[in-house]
Amino acid sequence: MKIRQLRESDISKLSLLHIQSLPHTVSSKIGKFYLECIYKSVIKNKKNNFSLVATNNKHIIGVIVATTSLPIFQSDVKKELFLIGYMQIFISLVSRKYFLIELIKRVKFENQLTKQYMDKYATIVILFTDVKFRKKGVATKLTKETIKFYKGKVDNIYVDTLINNHTAQKFYKSMGFSKINKVDSSILFKK
């Protein structure tokens, strides 16, 4: 396994892997185009964003994305979407791939999270491993590298996960994160 920075040439395949690995998330339900916009915005703003991919035989098997400003992250994604992206979201809504309420809840949730963060923070916004490579240390390595990158640069690193995702909660605790708050149907962790 090798760890390297996310590249623009990774975006298309990574977006498909994202959908396969996290099929029930709002971003996956919206679709590949939306995910491509997210990853493009991550690459374009290296001042605020940090991203790594794990590879095995040149195939991406995991990713982590963190940001030091969730509001800027959200704004960058919106800029990347333009009109075509909003049409994609509308089409997804009409075709019932996801429900509008899910999208509204996620935006509301992210706004609530921002109020929880203290100055000089980073937050992990995406972390997943290809289903075939789970429980093999991929997420651990990506998370350790991210913590190492931010050491001395931020006061706190945050991450959230759903209340019913006990596997993720156990993982973040094993990485030294502590539960600090419940926000909607998620648990917020801090390191």
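Quantities reported herein were computed from a predicted structural model and do not represent experimental measurements.

Colleague: Can you explain the environment of Gly176? Please cite residues and give values.
Modeller: Tracing the chain through its elements places Gly176 in the loop between helix 7 (166–174) and strand 6 (178–183). Sequence separation between Gly176 and Lys191 is 15 residues, and the spatial gap between their C-alpha atoms is 6.3 Å. Leaving out residues up to four positions away in the same chain, Gly176 has contacts with Lys190 and Lys191.

Colleague: Give a detailed account of the sheet that holds strand 7 (residues 186–190), specifying residues and quantitative values.
Modeller: A sheet is described by the order of its strands in space; here 7 strands give the open sequence 1-2-3-4-5-7-6, paired in mixed fashion. On the outer flanks of this sheet lie strand 1 (2–5) and strand 6, each paired with one strand and no other. Across the sheet, the axes of successive neighbouring strands diverge by a mean angle of 25°, strand direction being ignored. Where strand 3 (residues 59–67) lies against strand 4 (residues 121–129), 6 bridges are found, and the strand directions are antiparallel.

Colleague: Residues and numbers for the packing of aromatic side chains, please.
Modeller: Summed over the entire model, instances satisfying the criterion amount to 7 aromatic pairs. Look at Tyr121 and Tyr158: their rings are 6.2 Å apart centre to centre, the planes differ by 70°, and that puts the pair in the edge-to-face class. You can see Tyr121 sitting in strand 4 and its partner Tyr158 sitting in strand 5 (residues 156–162), a full 37 residues away along the chain. Side by side, Tyr121 and Tyr158 carry an identical accessibility label, which is buried. Seen from their ring centres, Phe149 and Tyr150 are 5.0 Å apart, and the 80° between their planes marks the pair as edge-to-face. Counting every residue linked through ring pairs, the aromatic cluster contains Phe171, Tyr172, Phe177 and Phe189. Residue placement shows Lys153 over the ring face of Phe149; its charged tip is 3.6 Å from the ring centre.

Parameters and conventions
- Residues numbered from 1 in each chain as written.
- Predicted model: local features only at pLDDT ≥ 70, side-chain atom pairs only at ≥ 80, totals over all residues.
- Heavy atoms only, no water.
- Helix = DSSP H or I, 4+ residues; strand = E, 2+ residues; numbered from the N terminus.
- Contact = heavy atoms within 4.5 Å.
- Pairing = 2+ DSSP bridges.
- Axes fitted to C-alpha atoms, helices over the stretch in contact; angles between N-to-C directions.
- Phe/Tyr/Trp six-rings, centres within 6.5 Å; stacked < 30°, edge-to-face > 60°.
- Buried < 20%, exposed > 50% of the residue type's maximum accessible area, 1.4 Å probe, protein only.
- Lys NZ or Arg CZ within 6 Å of the ring centre and 35° of its normal.

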